[in-house]
Amino acid sequence: MESPHKRLKPSPSDGVDFVSFSADNDNEVTGLANKYGFDTEETSVQAHQVGKTHTNGRPHTRDGRFDRRNAQDRPKSKHLLPGNEPWILVRTKFGRRFVHNTQTKESFWRIPESIFPAVKELEQWEEDQKEKAQNAKWAEEQLKELRPPMKPSQTEVTKSNDVGNRNRRRRSESLQREDEEAMMAELAAEEKRAGTEGSAQNLRTVEPAGPQVGDTGYDSDGSYEYVEVTDSEGEEAGGGDPATVQHSIEADDPMAAVEDQADEEEEEAVIEFGEDDIAYQLAAMGQDYGLDRGEYADYDDQQEVWDEGAEAYPFSEDDAINLFRDLLDDFQISPYTPWDKLISNSDPETSILHDDRYTVLNSMRARKEAWDAWAKDKAAQLKAARAQMEKLDPRISYLAFLSEKATPKLYWPEFKRKYKKEAELNDRKLSDKDREKLYRDHIARLKLSESARKADLITLLKSIPLRDLNRDVTLDALPQQCLTHLHFISLPSNKRDPIVVSHIRSLPPAPDAEGVLSEAQREEEEKKRAERRKREAALAARERQVDEERRRAEKAERMAKRDLREGERELQMAVTSGTNGVR
Amino acid sequence: MPAIRSSKTRKPPPDGFEDIEDTLLEFSNKMKDAENASHEGKKKHEMQWPIFQITHQRSRYIYDLYYEKEAISRKLYDWLLKNGYGDANLIAKWKKEGYEKLCCLRCIQTKETNFNSTCICRVPRKQLKEDQEIECVSCGCRGCCSSD
């Protein structure tokens, strides 16, 4: 992906954080800016204020502006669509977007299909940039924690040159430590930014010195797009969903900047209002006008249709229980664990408490019941599996141990005493008598001639049926009849292995008998897996719904608050206008 | 004279013991800690409470595994009781109606009390006064009535 504008421009002298869309340098955009009637800052402020009161007075007036909702919306940023030159994508303050053709002067909320891929591409690119910026920000924060805190003067006077440089130095420091890839990206971004910053400066100077929201988020790569314009902007976004807070502004057009400045001035009067006051006022006003809460709290339902059934999540009790069981399966909990121990485990790695599926059952009693049922089933399953599995002969490990350690030099009591700490000699499944007998027999066999032992080994291998020992058997998976036999360990492994391998090679492949009964099993497995996938999808859908609803509620609240503030401002104006009255 | 059985000559535990071995080991460690805990600042009868509580927990664990989850074999269950991992008499009470949650055997010994009654922890919550917090003397139980 490429950034919309990628001209190499000389680096600016100071480290101004704010970057505009480079209205002065970019011809296409300049044309647009002129069209909007914002050539210089003074006129633009006036034009803006005029536009605010009379809702016209600018060449580009949409019908939608008379809409109550649209009246407050403002274009916030615009982006060239690479490949579709006359078209630009415009973002608004409310997070909506439309496309605009600078030549034909057409605007569409609905993006035409011909340029839709370009828009999609742009958004994808932005997404990537945002992610990168977040990563870098996180790294920066980590670093900040490590470093001693900066002097307050440094953080306050962000406009001064040296701080800008310091910022940049700090960034590059962190980059060196963090990753070089991001560093390269930053350098590229710096070059790109260089040109745009020059034009940004003069805009910046007009702005009142308020807290710079974007400054803290100013970070390594693609940072120029991370700048929040003013604090009024940040305030609005701050109340809402994180998506808009971190909404990356590609480049702010001068209009947005100036508009926001004007907004800020107007809002000075209203700003003493706390959030609670606003909410209270809102409720009071709603009652005065005899409105329902739903009526004054949301008015963005034109665009987004409310989901009626969002409250009743399609999540049956069985699903919840099964999800909980899946959780237990996934964490490979032993069914023999006591319940108290399971829930008192708070280790982030192994504890089930931190998993989302733990909360699908909402009472401890329900969880305990689910656990009991699961443990019962699981234990039965384990039991069945064990019954099917071949029992491992305790002699195997003991014989392997003997083949390593036994020598004719040691009698049994000596051998026993020497290795009494070894696990093989303490295995309770094999009695001491058996161990002694095996040891003595083994020592006796070691005294035989090697050819005799070799012959015995070959007869042993030949005695094993083809089903167990055939060409497909490897050396690590020899059958038990072989491993538990004394004749097998009589030879040291370096001499034994070639004999065994050559014998196995001479054998025919295994007789074909299996693969018939597994068909039904496989089908069943498949069915189980499909069911599980379905349940998990249901969980994800539920989470998404909850999220969406929360976002909607927040948005509605924000809108309502803004509406109230607007009303308040009008009142204020009515009061201040005094004897002239409101026209 | 019977043969002396050392740990090496002892018969191995029944199958399935490996599954619960770790948990039982934890219980026995806890028990050792409780046995060696200091008596500083504790009442005389309070000293024995953790012993009773751990015994109860361990017996309940074995009881659950055998009767509720059916996860261990009869053979192993008998072996565990025989080897003192669980209290057979306590488990015998749990099988009886009204005693499903019994904390310890001492609490139902009427003959050991002055008024020939059971312990306070056997009294249903409903019959107690509002917000009456109890901790019985014999094992520190806070109420083990089946209806609670």
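Residues numbered from 1 in each chain as written. Chains lettered and ligands numbered in written order. Predicted model: local features only at pLDDT ≥ 70, side-chain atom pairs only at ≥ 80, totals over all residues. Heavy atoms only, no water.

If you check an unreviewed UniProt entry, chain B appears there as Pre-mRNA-splicing factor cwf14 from Acrodontium crateriforme.

An unreviewed UniProt entry lists chain A under the name WW domain-containing protein, with Acrodontium crateriforme given as the organism.

Visitor: I keep staring at the overall build of chain B and nothing clicks. Help me out?
Guide: Summing up its helical and strand segments, chain B has four helices and zero strands in all. Each helix (α) and strand (β) of chain B, taken in turn from the N terminus, gives the series α-α-α-α. By residue count, 33% of the 148 residues in chain B fall in the buried class. At a minimum sequence separation of 6, the contacts of chain B that also span at least 24 residues come to 51%. (Helix = DSSP H or I, 4+ residues; strand = E, 2+ residues; numbered from the N terminus. Buried < 20%, exposed > 50% of the residue type's maximum accessible area, 1.4 Å probe, protein only. Contact = heavy atoms within 4.5 Å.)

Visitor: Hey, could you run me through the sheet that holds strand 1 (residues 75–80) of chain A in this one?
Guide: Strand pairing in a sheet relies on backbone hydrogen bonds. The paired strands run either parallel or antiparallel. Residues and elements named next belong to chain A. Pairing is antiparallel across the open sheet formed by four strands, whose spatial order is 1-2-3-4. Edge positions in the sheet fall to strand 1 and strand 4 (106–108), since each of these pairs with one other strand and no more. With direction set aside, neighbouring strand axes in the sheet form an average angle of 25°. One ladder, built from five bridges, connects strand 1 with strand 2 (residues 87–92); its direction is antiparallel. (Pairing = 2+ DSSP bridges. Axes fitted to C-alpha atoms, helices over the stretch in contact; angles between N-to-C directions.)

Visitor: Hey, could you run me through unusual backbone geometry in this one?
Guide: Most peptide bonds adopt trans geometry, and most residues besides glycine take a negative phi value. Residues and elements named next belong to chain B. The residue Glu70 is not glycine, and still its phi comes out positive at about 50°. Of note, Glu70 is situated in the loop between helix 2 (49–68) and helix 3 (74–82). The exposure class of Glu70 is partly exposed, given its relative accessible area of 46%. Despite not being glycine, Asn116 has its phi angle at roughly 50°, a positive value. Asn116 sits in the exposed class, given a relative accessible area of 54%.

Visitor: Can you walk me through the interface of chain A and chain B in this structure?
Guide: How big an interface is tends to be reported as the loss of accessible area on association of its parts. At the junction of the two partners, chain A supplies 16 residues and chain B supplies 17 residues. For the pair chain A and chain B, the two sides together bury roughly 1600 Å², of which 48% comes from carbon and sulfur. On the chain A side of the contact with chain B, A:Tyr336, A:Lys376 and A:Arg428 bury the most area, a combined 43% of that side's loss. On inspection of chain A and its partner chain B, the count reaches two salt bridges. (Buried area = accessible area lost by both parts, 1.4 Å probe. Salt bridge = Lys/Arg side-chain N within 4 Å of Asp/Glu carboxyl O.)

Visitor: Sorry, what's going on with the UniProt feature "domain: WW" (unreviewed entry) in chain A here?
Guide: Mapped onto the present numbering, the UniProt feature "domain: WW" (unreviewed entry) falls at residues 81–114 of chain A. With 0% helix and 41% strand, the stretch residues 81–114 of chain A has end C-alpha atoms that lie 12 Å from each other. (UniProt positions renumbered as here; feature names shortened; annotations may be inferred.)

Visitor: Help me understand helix 2 of chain B, please; the structure alone is not making it clear to me.
Guide: For an α-helix, 3.6 residues make a turn, and residues three or four places apart therefore share a direction. Residue and element names in this part refer to chain B. Between its first and last C-alpha, helix 2 extends 26 Å over 20 residues, near the 28 Å set by a 1.5 Å rise per residue. All of the buried residues along helix 2 are Trp49, Ile54, Arg58, Ser59, Tyr61, Ile62, Tyr63, Leu65 and Tyr66. For helix 2, the elements touching its buried residues are helix 1 (17–36), helix 3 and helix 4 (88–94). Note on helix 2: the residue one or two positions beyond its end, Glu70, has a positive phi of about 50°. (Expected span 1.5 Å × (residues − 1).)

Visitor: Honestly, the nonpolar core in this entry has me stumped. Any pointers?
Guide: What tends to happen in soluble globular proteins is that the nonpolar side chains get buried as a cluster. Within the largest apolar cluster, 29 residues are counted, with the highest numbers of intra-cluster contacts made by A:Tyr398, A:Leu402, A:Tyr439, A:Leu469 and A:Phe488. With four residues, the single largest contributor to this core is helix 16 (residues 394–405) of chain A. Contact partners of A:Leu402, with chain neighbours within four places excluded, come to A:Phe415, A:Leu438, A:Tyr439, A:His442 and A:Ile489. The next biggest cluster of nonpolar side chains, apart from the first, holds 26 residues, and it includes B:Phe17, B:Leu76, B:Tyr77 and B:Leu80. (Core = buried A, V, L, I, M, F, W, Y, C linked by side-chain atoms within 4.5 Å.)

Visitor: I'm lost on the pairing of strand 2 of chain A in this one. Help?
Guide: Strand residues, when the strand is regular, have side chains that alternate between the two faces of the sheet. Residues and elements named next belong to chain A. Counting buried residues along strand 2, six of its six residues qualify, which places the element largely inside the surrounding structure. Burial along strand 2 is two-sided: the residues Trp87, Leu89 and Arg91 and Ile88, Val90 and Thr92 are all buried. Here strand 2 pairs with strand 3 (residues 97–101) via five bridges, running antiparallel. In the strand pairing of strand 3, Ile88 is matched with His100.

Visitor: What am I meant to see in the pattern of salt bridges here?
Guide: A side chain with one charge can pair with a side chain of the opposite charge if their charged atoms come near. Residues and elements named next belong to chain A. Counted according to the given criterion, the structure contains 33 salt bridges over all chains. Between Arg395 and Asp393 there is a salt bridge; the shortest N-O distance is 3.5 Å. Exposure remark for Arg395: the relative accessible area of 31% places this residue in the partly exposed category. Two residues, Asp547 and Arg550, come together in a salt bridge whose shortest N-O distance is 3.4 Å. One end of the pair, Asp547, and the other, Arg550, are both in helix 24 (residues 518–577), three residues apart, so they sit about a helical turn from each other.

Visitor: What exactly am I supposed to notice about the environment of B:Tyr77 here?
Guide: Residues and elements named next belong to chain B. Relative to the helices and strands, Tyr77 is located in helix 3. Taking the C-alpha atoms as reference points, Tyr77 and Tyr67, separated by 10 residues in sequence, lie 9.9 Å from one another. When near neighbours in sequence (up to four residues on either side) are disregarded, Tyr77 contacts Ile62, Tyr66, Tyr67, Ile72 and Ile91.

Visitor: Sorry if this is basic, but what is going on with the pairing of strand 3 of chain A here?
Guide: All names here are of chain A. Summarising burial for strand 3: four of the five residues are buried, a large majority. In sequence, strand 2 turns back onto strand 3 through a hairpin of four residues, with Gly95 there showing a positive phi of about 85°. Inspection of the sheet shows strand 3 paired to strand 4 by three bridges, in the antiparallel sense. Pairing of Val99 across the sheet is with Phe108, part of strand 4. Hairpin connection between strand 3 and strand 4: a loop of four residues separates the two successive antiparallel strands, and Lys105 in this loop has a positive phi of roughly 60°.

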